[in-house]
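Tertiary structure, described
Given next are the chains, with one letter for each unit.
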Amino acid sequence: MYVRGLINASGDPNAAETPEQLAHFQDRIDAEEKIEARDWMPAAYRKTLIRQISQHAHSEIIGMQPEGNWVTRAPSLRRKASLLAKVQDEGGHGLYLYAAAETLGISREEMQDQLLSGAAKYSSIFNYPTLTWADIGAIGWLVDGAAIMNQIPLCRCSYGPYARAMVRVCKEESFHQRQGYEIMTTLAQGAPAQKAMAQDALNRWWTPSVMMFGPPDSDSIHSVQSMTWKIKRFTNDALRQRFVDATVPQADYLSLTVPDPDCKWNDAVQHYDIGPLDWGDFWKVVKGGGPMNRQRIAARQKADDDGAWVREAALAYATKRSALMEAAE
Ligand code: BYC
């Protein structure tokens, strides 16, 4: 097999990593070359990518639940059709991402087991309930807005299959963000009860959205290495600041108030300041103690159980078909 990059004298890409290989790999990264599935890569780079891409895929799939919950209750046919399309897009994003992770040598079954056993994480944001229709607006505006901020730099990730998947994902996310902001605009300009509903959704979704970018840089165990490998291009805090700077004026436009009394424009640094965040609460949610963690995993487990007969039937059909083809040759 042709392996681009430096392989060791034995020609075995799985043999122990040498300083020369590691240096050559970093040179390729620094030269902005894309790393492809068959290229030599350090085991730790592969492991980091499998962790991040699979967790990203899980987030997309689990992320279908809070919005899927509102498909039957959307207030009009137009809203129903666009929400249905959005939720379907998220499912598609999960599939591109699982496929990108598979190029690194992990199977879909393994990833699924890791999700269901709790060994793999998914985004903290999807462990909150969607209580009103305004939550669907807030998710599109804030959660997809945060996702775009995080994912645009991932289009330049050093790993080719992940970077390419992100290009399409980001195009679709920008529709999602506009769909959410449009719902919020309609509610904010509607009757007082509708405006109150929009404000309530902003109150509940603001802090979890700001936290979606991950722990502060001082507690981000992976950032330095992931930035050296150009998997991540910006730190968690840098992206969080970009999101706040872009989103506060959007709230102002809607005459809604961000639920943070310390959130103010700071002329000296040309950014919005925000108040302290309760990272203890973030870690509680990440570790399974959020309001909806149990329900989210239970719904995935049920889907997995309900789909078992389909997977078995598809496998039996494929086995039978290849036996028939072999017999016919
Ligand atoms: N939630 O060292 P750090 C979407 C974990 S889908 C849970 O900074 P890293 C959408 C982190 O995994 C949104 N866990 O990590 C879908 C690590 O634990 P492990 C998902 C979090 O990887 C449907 C530990 O904390 N987007 O947008 O350098 C509808 C230390 O963190 C979170 C992606 O996955 C969190 N929020 O940076 C609408 C994007 N944050 O793994 C929208 C791709 C951190 O060591 N991923 N942790 O056990 C990334 O960009 C990075 O992985 C992160 C974290 C910025 C999330």
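Below or above, wherever it landed, is the structure these notes cover.

Conventions used here
Residues numbered from 1 in each chain as written. Predicted model: local features only at pLDDT ≥ 70, side-chain atom pairs only at ≥ 80, totals over all residues. Heavy atoms only, no water. Helix = DSSP H or I, 4+ residues; strand = E, 2+ residues; numbered from the N terminus. Buried < 20%, exposed > 50% of the residue type's maximum accessible area, 1.4 Å probe, protein only. Contact = heavy atoms within 4.5 Å. Near = heavy atom within 4 Å. Polar contact = N/O pair within 3.5 Å; in protein donor to acceptor, adjacent residues only side chain to side chain. Areas by Shrake-Rupley, 256 points an atom, 1.4 Å probe, with all protein chains shown as cover. Nonpolar A, V, L, I, M, F, W, Y, C, P; charged D, E, K, R; others polar. Axes fitted to C-alpha atoms, helices over the stretch in contact; angles between N-to-C directions. Phe/Tyr/Trp six-rings, centres within 6.5 Å; stacked < 30°, edge-to-face > 60°. Lys NZ or Arg CZ within 6 Å of the ring centre and 35° of its normal. Disulfide = S-S within 2.5 Å. Expected span 1.5 Å × (residues − 1). Bend = angle between axes of the 7 residues up to and from the residue. Parallel < 35°, antiparallel > 145°, perpendicular 65-115°, else oblique. Left-handed = near helix turned anticlockwise from the far one by under 90°.

1. A few points about the side chain of His56
Its location among the elements puts His56 in helix α2 (residues 43-62). Residue class for His56 comes out buried when judged on its relative accessible area of 11%. Apart from the residues lying within four places of it in its own chain, the contact partners of His56 are Leu97, Gln151, Leu154, Tyr162 and Met166.

2. Some points on the site of the ligand
Taken together, the neighbourhood of the ligand is formed by 32 residues, with Lys121, Ser220, His222, Lys232 and Asn236 sitting nearest. Note that an oxygen atom of the ligand is positioned 2.9 Å from one of the side-chain N or O atoms of Arg51. In this structure, Met212 approaches the ligand through a main-chain N or O atom, which is 3.0 Å from a nitrogen atom. With the chains in place, 92% of the 1000 Å² that the ligand exposes on its own is no longer accessible. Listed by contribution, the elements that provide at least two residues to the shell around the ligand are α2, α6 (133-151) and α11 (279-289). The element that contributes the greatest number of residues to the shell around the ligand is α2, accounting for 6 residues. When its residues are assigned to classes, the shell around the ligand shows 13 nonpolar, 13 polar and 6 charged.

3. Structural notes on the packing of helix α12 (residues 293-306) against helix α13 (residues 308-328)
As a packed pair, α12 and α13 sit with axes 4 Å apart at the nearest point and diverge in direction by 35°. Here α12 contributes Asp304, Asp305 and Asp306 to the contact with α13, which in turn contributes Ala308, Trp309 and Arg311. Tallied by class, the residues present in the contact of α12 with α13 amount to 2 nonpolar, no polar and 4 charged.

4. Quick look at the packing of aromatic side chains
Think of a pair of aromatic rings as described by two things: how far the centres are apart, and how the planes are tilted against each other in angle. Within the structure shown, the criterion is met by 11 aromatic pairs. Between Tyr128 and Trp205, the ring centres sit 6.2 Å apart and the planes meet at 65°, which makes this aromatic pair edge-to-face. Pair noted here: Tyr128 is in the loop between α5 (108-117) and α6 and Trp205 is in helix α8 (residues 192-211), with a separation of 77 residues, a long-range link. With respect to class, Tyr128 is no different from Trp205; both count as buried. Geometrically, the ring pair formed by Phe213 and Phe243 is tilted, given 5.4 Å between the ring centres and 45° between the ring planes. Placement of the pair is Phe213 in the loop between α8 and α9 (223-228) and Phe243 in helix α10 (residues 236-253), with a sequence separation of 30 residues. By relative accessible area, which is 1% here, Phe243 ends up buried. Sitting above the plane of the Trp70 ring, Arg73 keeps its charged end 3.9 Å from the centroid.

5. Focus on the state of the cysteines
Within the structure shown, the criterion is met by 0 disulfides. Left unpaired, Cys170 is separated from the closest cysteine sulfur, that of Cys155, by 3.8 Å. The class for Cys170 is buried, based on a relative accessible area of 8%.

6. Brief notes about α8
Here α8 contains 20 residues, and its C-alpha end-to-end distance of 29 Å stays within 8% of the 28 Å for a straight helix at 1.5 Å per residue. The sharpest bend along α8 measures roughly 35° and falls at Trp205, with the proline Pro208 sitting one to four residues further on. Buried within α8 are the following residues: Ala198, Gln199, Ala201, Leu202, Trp205, Trp206, Pro208, Ser209, Val210 and Met211.

7. Considerations on unusual backbone geometry
Residue Glu32 is not a glycine yet carries a positive backbone phi of 65°. As for its placement among the helices and strands, Glu32 is situated in the loop between α1 (19-30) and α2. Glu32 gets classed as partly exposed once you look at its relative accessible area, which sits at 42%. A positive phi angle, close to 60°, is found at Gln270, a residue other than glycine. Tracing the backbone through its elements, the reader meets Gln270 in the loop between β1 (264-266) and β2 (271-273).

8. Re the packing of α2 against helix α4 (residues 77-102)
The axes of two packed helices give the description: the angle between them and the distance between them. Running from N to C, α2 and α4 cross one another at 160°; their axes reach a closest spacing of 8 Å. Classified by the angle their axes make, α2 and α4 are roughly antiparallel. α2 and α4 meet at a crossing whose hand is left-handed. Within the contact between the two elements, α2 uses Ile53, Ser54, His56, Ala57, His58, Glu60 and Ile61 and α4 uses Glu90, Gly91, His93, Gly94, Leu97, Tyr98, Ala100 and Ala101.

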